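Geometric and topological summary
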Amino acid sequence: MIFMKRIYFDMKIVMVRNIFKILGSSISIFLGIFIWQFLTQNDVNFFLDFSNIPTPFHVLTSFQSVVATKKYWEDIYWSMYRIILSFSLASVVGITIGLLLGYSKIARLIIAPYVELIRPIPAIAWVPISILIWPTTEESIIFITFLGAVFPIILNCWDGVKRVPVELVKAAQSLGAGNLGVLIHVVIPYAIPNIVVGMSVGMGAAWFALLAGEMISGRYGIGYFTWESYQLIQYGNIIVGMLTIGILSSITSGLIYMIKNKFLSWAE
Amino acid sequence: MNDIGNIEIQQLSLGFKSGFDTKIIINDLSLNLKAGSFTSLIGPSGCGKSTLLNAIGGHYKPIYGSIIIDGHEVKSPSADLGIVFQQHTLFPWKTVKENVRFGPMRRGLGRVEADRLADEYIQLVGLSGFKNYYPKMLSGGMQHRVEIARALANKPAVLLMDEPFGALDAQMRASLQDSLLSIWKNTQVTIVFVTHDVNEAIHISEHIVILSRKSKSISEIIDINAIEDSSTESFMRSKKADDLRLHCIEMLSD
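Thresholds, definitions, all that
The written sequence of each chain sets the order in which its residues are numbered from 1. Whichever chain is written first is A, and whichever ligand is written first is 1; the rest continue in order. Residue-level local features of this predicted model are given only where pLDDT is at least 70; pairs of side-chain atoms are given and counted only at 80 or more, and the full residue set underlies all totals for whole chains, interfaces and linings. Excluding hydrogens and water, the side-chain figures rest on all heavy atoms present in the structure. Secondary structure counts use DSSP, requiring at least four H or I residues in a row for a helix and at least two E residues in a row for a strand, with both numbered from the N terminus. The quantity called the radius of gyration is restricted to C-alpha atoms. Its globule counterpart is 2.2 Å times the number of residues to the power 0.38. Three exposure classes are used, based on accessible area relative to the maximum for each residue type with a 1.4 Å probe and protein chains only: buried under 20%, partly exposed in between, and exposed over 50%. Here, two residues are considered to be in contact whenever any of their heavy atoms come within 4.5 Å of each other. Note on areas: these come from Shrake-Rupley sampling with a 1.4 Å probe, and a residue is covered only by the protein chains present in the view. None of His or the chain ends enter the tally, which takes Lys and Arg as positive and Asp and Glu as negative. Charge positions are represented by NZ for Lys, CZ for Arg, CG for Asp and CD for Glu. For every residue, the predictor assigns a confidence score, pLDDT, that lies between 0 and 100. Pairing between strands is defined by DSSP: at least two bridges between them are needed. Here an axis means a line fitted to C-alpha atoms, over the contact stretch when the element is a helix, while the angle between two N-to-C directions is reported on a 0 to 180 degree scale. Domain boundaries shown here were taken from an automatic or database domain assignment. Buried area adds together the accessible area that both of two parts lose upon being put together, with accessible area traced by a 1.4 Å probe. By nonpolar core we mean a set of buried residues, namely Ala, Val, Leu, Ile, Met, Phe, Trp, Tyr and Cys, connected to one another through side-chain atoms within 4.5 Å.

Right, let's talk about the overall build of chain B for a bit. Within chain B one finds ten helices and ten strands. Scaling as 2.2 N^0.38, a compact globule of 254 residues should have a C-alpha radius of gyration of about 18 Å, and chain B matches this with 18 Å. Sorting the 254 residues of chain B into buried and exposed places 52% on the buried side. Long-range pairs, those at least 24 residues apart, make up 67% of the contacts in chain B with a sequence separation of at least 6. Total accessible area on chain B stands at roughly 11,500 Å², and carbon and sulfur atoms take up 50% of it. In chain B, which carries 27 positive and 29 negative side-chain charges, the distance between the mean positions of the two groups comes to 7 Å.

Shown next, in the form of structure tokens:
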């Protein structure tokens, strides 16, 4: 009985703590919304101009009407489709190149200079060239998004391979593993934590590049939606677009986090 | 008597090339180790005992001379040359069982057969209850046991051990030494054991090979079996063993 009481007591403490946390965060958010309401309602124009910024309530009504349209969901579909396609390509290409760079001297000799040359060029700088190269803007957007994601993945994967301890490789060789065995059973598993880091950095960069691509040359997509709202003076929808982008990018980051937990149970 | 695991080292020279210079570590060393023997390599630090062991395991190419095991020259690492390293080298992403069955599966054994072998060797080192643990969840001594099991599961011709118990406390070390002796008696594998601990060398091995830093070769080979006239326990407490210890320590400080 005393034991049960003890557990009950502990649970109560945890619950009180959680309630306190939630309450604290909620107050902070409400305060922020209140400040937003104040700035926009009174059209404050002191260095920053809030006179054209929609009020929170306006955003809510915009959201309600936008959610009912088919176009909003199509834009979300297009952006997600582009992110998933280009990110998957970037992961496959990035991991392959990263492994090659870390594992093969010849590959390092040939590929490393290109990586070093192209890496400092932000993906957005590729927009004009990419529009010229690819047959349609759709492919050019996917290409730019791919470029954004691929370099963080290459570099982190390469770094992970470089860190593989010599002793582990020697141990595998002494157990009869050849080059392929060492790659599959030692190098790749060892590099996985780094690869996951590269993928989450790459995911952020992919969204960045995707939105730039969609705003500049897109016809669908949530970035296009946000930019179009600005051009059509639907200011409420700009905020709706921004919030949607935030939610979508959290979802994709969450997916990577789930992959990480699945593969890295041994490290805990 | 088995006759697998006979090691012949002929006029071996080992070293590293740096630029135009070659730094010689082992110079013109010849040594024969019979199949099924248990030999300790001792020597002052920097004398190349670890390098020699790695060369027998195929991890260093000789500058001159050769290492021949059962008639075949060692050219690269292989499953026949089991090594237990000083550092922990278990694969952290594999469980104990997955680590131990790694070698057998590389040989092309099926999962079932490899599992059976793994179980057998995990039991041999007394860790049957920990098959599904990840290395991180085991103590240092237990990890060493798994490393020994993993090397043995390949049924290697020789088992090369590079100061495997160096980082352990005295009690754990004594218990692992006893396990190793009984494993050796059961499996008849040829063991080459690098250590800096004279007492350990006298306790567990049949022969002690003392390397010298000056000559970069062998300074003395001691046949303990010839000296040891009683059970290991009483021998370790005898005057003869004391003399041997002193002698070895003198040799090490030269």
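All right, on to the confidence of the model for chain B then. Residues and elements named next belong to chain B. For chain B, per-residue confidence averages 87 on the pLDDT scale, and residues scoring 70 or more make up 97% of the total. Averaged pLDDT values over the elements of chain B bottom out at 74 in helix α9 (residues 232-236) and peak at 95 in helix α2 (residues 96-100). Both scores are available for the predicted complex, with the pTM at 0.81 and the ipTM at 0.87.

Glancing now at the side chain of R173 of chain B. Mapped onto the elements, R173 of chain B comes out in helix α6 (residues 170-187). If we skip the residues at most four places from it in the chain, R173 of chain B touches F165, G166, L168, D197 and E200 of chain B.

Moving on: the sheet that holds strand β10 (residues 217-223) of chain B. All names here are of chain B. An order of β6-β7-β8-β3-β9-β10 is seen for the six strands of this open sheet, with the pairing classed as mixed. With partners counted over all chains shown, the strands left at the sheet margins are β6 (81-84) and β10, one partner each. Neighbouring strand axes in the sheet, compared pairwise and without regard to direction, differ in orientation by 20° on average. Strand contacts of helix α10 (residues 239-252): β3 (38-42), β9 (207-212) and β10, with the helix running at about 175° to β10, the strand carrying the most contacts.

A word on the domain arrangement of chain A. Taken domain by domain, chain A consists of domain 1 (2-49) and domain 2 (58-267). Computed from C-alpha atoms alone, the centre-to-centre distance between domain 1 of chain A and domain 2 of chain A is 33 Å.

With that settled, consider the interface of chain B and chain A. Every contact between the two is made by 24 residues of chain B and, on the other side, 18 residues of chain A. The largest contributions to the chain B side of the interface with chain A come from W93, F102 and R106 of chain B, which together make up 32% of the buried area. Tallying contributions element by element places helix α3 (residues 102-106) of chain B first for the side of chain B that touches chain A, with three residues.

Moving on to the environment of M161 of chain B. Residues and elements named next belong to chain B. Along the polypeptide, M161 turns up in strand β7 (residues 158-162). Residue classification places M161 among the buried residues on the basis of a relative accessible area of 0%. Between the C-alpha atom of M161 and that of V192, which follows or precedes it by 31 residues, the distance is 6.2 Å. Beyond its immediate sequence surroundings of up to four residues, M161 is in contact with L53, V84, I148, L180, I191, V192, F193 and V194.

So, about the pairing of β6 of chain B. Residues and elements named next belong to chain B. Burial of the side chains of β6 extends over both faces: L81 and I83 are buried on one face and G82 and V84 on the other. Strand direction decides the pairing type here: β6 and β7, joined by four bridges, are parallel. Bridging from a neighbouring strand, L81 pairs with V158 of β7.

Take the sheet that holds strand β4 (residues 64-69) of chain B next. Residues and elements named next belong to chain B. Strand order in the open sheet made by the four strands is β2-β1-β4-β5, with antiparallel pairing throughout. Each edge of the sheet is formed by a strand with only one pairing partner; in this case those strands are β2 (21-33) and β5 (72-73). Examined bridge by bridge, strand β1 (residues 7-18) and β4 share five bridges and lie antiparallel to one another. Counted as the bridge partner of Q10 is S66 from β4. Lying over the sheet, helix α1 (residues 49-56) contacts β1, β2 and β4, oriented at roughly 115° with respect to β1.

What follows deals with the nonpolar core. One broad trend across soluble globular proteins is that nonpolar side chains are buried collectively. With 60 residues, the main nonpolar core has V186, W207 and I222 of chain A together with F91 of chain B as its most contacted residues. Looking at this core, the elements with two or more residues in it are α2 (56-67), α3 (70-103), α4 (105-118), α6 (137-162), α7 (166-174), α8 (179-217), α9 (222-231) and α10 (235-263) of chain A. Top element by residues in this core is α8 of chain A. It accounts for 14 residues. Leaving out residues up to four positions away in the same chain, I222 of chain A has contacts with Y72, D75, I76, S79, W207, L211, E214, G241, T244, I245 and L248 of chain A. Within the second largest apolar cluster, 32 residues are counted, among which are V96, M142, F165 and L168 of chain B.

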